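Now for the letters of each chain:
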Amino acid sequence: SGEMAKVTNLLSNEAFQAYATYATIILLKMMLMSLITAYFRITRKAFVNPEDTASFGKGESAKKYLRTDPDVERARRGHLNDLENIVPFFGIGLLYALSGPELSTALLHFRIFTGARILHSLAYLIPLPQPSRGLSWAVGYAVTISMAYKVLKTSFYP
Amino acid sequence: SGEMAKVTNLLSNEAFQAYATYATIILLKMMLMSLITAYFRITRKAFVNPEDTASFGKGESAKKYLRTDPDVERARRGHLNDLENIVPFFGIGLLYALSGPELSTALLHFRIFTGARILHSLAYLIPLPQPSRGLSWAVGYAVTISMAYKVLKTSFYP
Amino acid sequence: SGEMAKVTNLLSNEAFQAYATYATIILLKMMLMSLITAYFRITRKAFVNPEDTASFGKGESAKKYLRTDPDVERARRGHLNDLENIVPFFGIGLLYALSGPELSTALLHFRIFTGARILHSLAYLIPLPQPSRGLSWAVGYAVTISMAYKVLKTSFYP
């Protein structure tokens with residue numbers, strides 16, 4: 001229908017298409033942190049909910065698995081840092097993609113952010129010595145600020 | 001005006017309308033977790049900020065309410081799990097709704113995700129024995145992956 | 001090109017432009033919480049990852065900086081509360097901006113939410129006595145509910 005065409009037009013714009021691609025990739029990467037946390041919880045036998053340890057038996061034998069583990073906590077911190085940084089990227093990036101950026105400039109922003117956040121996760125999980133994690137965090141942060149500047153310059157309506 | 005018409009056209013597309021409905025419902029459900037946490041904090045008298053216990057008096061009499069409570073922590077974990085899963089659904093779902101899906105397929109995705117996350121919250125809060133919580137989490141996760149696949153198939157621009 | 005024009009049309013709608021402005025401002029405010037947490041971590045010398053304390057020397061001399069600090073934890077709680085509340089505002093607000101609201105009504109919603117969340121951060125960080133933080137939280141929450149009502153009234157497609 002005609003209305004369907006209008007909606008899909010948004011995704012026929014190349015800068016918006018690039019946004020859709022990288023936003024999806026980086027949200028999938030964030031979702032991967034759930035699996036990594038689950039992997040560490042299961043292999044390290046470190047759970048937080050009593051109902052999760054029921055399969056290990058009852059009483060004290062199961063209770064000992066209600067504990068924190070450094071690898072689990074590390075994965076959880078990486079996941080929370082993703083939320084804190086990927087949410088602003090998704091939101092500001094969406095508005096940026098709608099603000100009519102040059103395709104090449106937009107691709108540069110999306111690619112650098114995506115690369116920086118993948119490096120951030122590696123730096124957090126391996127872990128790499130600082131300032132690897134700090135720098136990859138700062139690069140993603142700066143990309144988001146740059147997009148925010150473009151959005152506000154294009155459509156400031158306070 | 002003509003421009004207003006163009007904007008509202010997005011919401012006259014049925015798949016996008018369905019997205020708007022379910023995205024709003026599931027974000028409201030996530031917001032409900034704040035009220036549930038507050039309810040447990042107040043009924044269990046378990047606070048984290050000293051200024052929140054000022055009404056219980058001064059000094060030691062108030063300090064004893066600065067403590068953690070299993071029900072409060074459970075609600076907080078459910079809320080964080082919502083953030084980790086509903087944010088990707090919102091973001092990938094938005095791009096999916098713009099990618100021109102069949103209305104019936106889109107409705108299927110949105111309804112299953114919304115149902116799964118409501119079940120997840122119930123399984124977390126009651127709590128239900130595993131694998132209730134694990135399965136409801138996995139169903140929501142799989143729906144989001146399926147939408148991501150459609151987005152990348154429709155508009156891959158790396 | 002014509003397609004670019006269609007995309008940028010979204011940002012030529014005044015209510016959507018207002019949304020873009022306030023959504024960007026409040027996401028930038030949320031990002032500021034990362035810097036505030038980092039500031040407290042560095043000035044209070046309170047870190048969580050061993051690799052972050054390597055510059056303080058090796059062994060026990062560095063280990064003592066792996067600790068929690070009340071100011072760091074307070075900033076982190078403020079940041080998490082932002083995520084819990086600004087994510088629904090961003091999502092529901094986007095759909096609300098697309099639902100064809102009156103410009104003046106939309107501006108009222110966006111401005112009150114933004115003001116309330118800035119007050120919430122101040123109330124959390126200073127900290128101000130209650131009910132400052134509670135009230136500013138409730139105002140932002142109510143604004144989001146009001147926008148959700150408009151979205152569901154405009155485009156309910158269950």
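Residues numbered from 1 in each chain as written. Chains lettered and ligands numbered in written order. Predicted model: local features only at pLDDT ≥ 70, side-chain atom pairs only at ≥ 80, totals over all residues. Heavy atoms only, no water.

Asks: I keep staring at the pattern of salt bridges and nothing clicks. Help me out?
Replies: Inspection of the entire model under this criterion finds 21 salt bridges over all chains. In this structure, the salt-bridge partner of D82(A) is K29(A), at a minimum N-O distance of 2.6 Å. Taken together, the residues span a long stretch of sequence, with D82(A) in helix α4 (residues 70-97) and K29(A) in helix α2 (residues 14-43) at a distance of 53 residues. Of the two residues, D82(A) and K29(A), neither departs from the other in class, the shared state being buried. The partner of R76(A) in a salt bridge is E73(A), with the nearest N and O atoms 3.0 Å apart. On the criterion of helical spacing, the pair formed by R76(A) and E73(A) is a turn pair, its members being three residues apart in helix α4. Using a relative accessible area of 21% as the deciding quantity, one classes E73(A) as partly exposed. In the salt-bridge network here, residues are joined through shared partners; they are E51(A), D52(A), R74(B) and R133(B). (Salt bridge = Lys/Arg side-chain N within 4 Å of Asp/Glu carboxyl O. Helix = DSSP H or I, 4+ residues; strand = E, 2+ residues; numbered from the N terminus. Buried < 20%, exposed > 50% of the residue type's maximum accessible area, 1.4 Å probe, protein only.)

Asks: Where do I start with the UniProt feature "transmembrane region" (unreviewed entry) in chain A in this structure?
Replies: As recorded in UniProt, the sites labelled "transmembrane region" (unreviewed entry) are residues 20-40 and 86-114 of chain A. Helix makes up 83% of residues 86-114 of chain A and strand 0%, whereas the separation of the span's terminal C-alpha atoms amounts to 9 Å. (UniProt positions renumbered as here; feature names shortened; annotations may be inferred.)

Asks: Help me understand the nonpolar core in this model?
Replies: One broad trend across soluble globular proteins is that nonpolar side chains are buried collectively. F16(A), F110(A), F16(B), F110(B), F16(C) and F110(C) are the most contacted members of the largest nonpolar core, which totals 105 residues. Per-element tally for this core: the top contributor is helix α4 (residues 70-98) of chain C, with 12 residues. If we ignore the near neighbours within four places in the chain, the residues touching F110(A) are A15(A), A18(A), Y19(A), Y22(A), F89(A), Y96(A), A97(A) and M147(A). (Core = buried A, V, L, I, M, F, W, Y, C linked by side-chain atoms within 4.5 Å. Contact = heavy atoms within 4.5 Å.)

Asks: Help me understand the packing of aromatic side chains, please; the structure alone is not making it clear to me.
Replies: Two aromatic rings are characterised by how far apart their centres lie and by the angle between their planes. For the structure on display, the rule yields 30 aromatic pairs over all chains. Centroid distance F89(C) to F110(C): 6.2 Å. Interplanar angle 90°. Geometry classified as edge-to-face. Pair noted here: F89(C) is in helix α4 and F110(C) is in helix α5 (residues 103-125), with a separation of 21 residues, a long-range link. As far as the burial class goes, F89(C) and F110(C) line up, both buried. Taken together, the aromatic side chains of F16(A), Y19(A), F89(A), F90(A), Y96(A), F110(A) and F113(A) make up a single cluster linked through ring pairs. The ring of Y124(B) carries the charged tip of R133(B) above its face, separated from the ring centre by 4.4 Å. (Phe/Tyr/Trp six-rings, centres within 6.5 Å; stacked < 30°, edge-to-face > 60°. Lys NZ or Arg CZ within 6 Å of the ring centre and 35° of its normal.)

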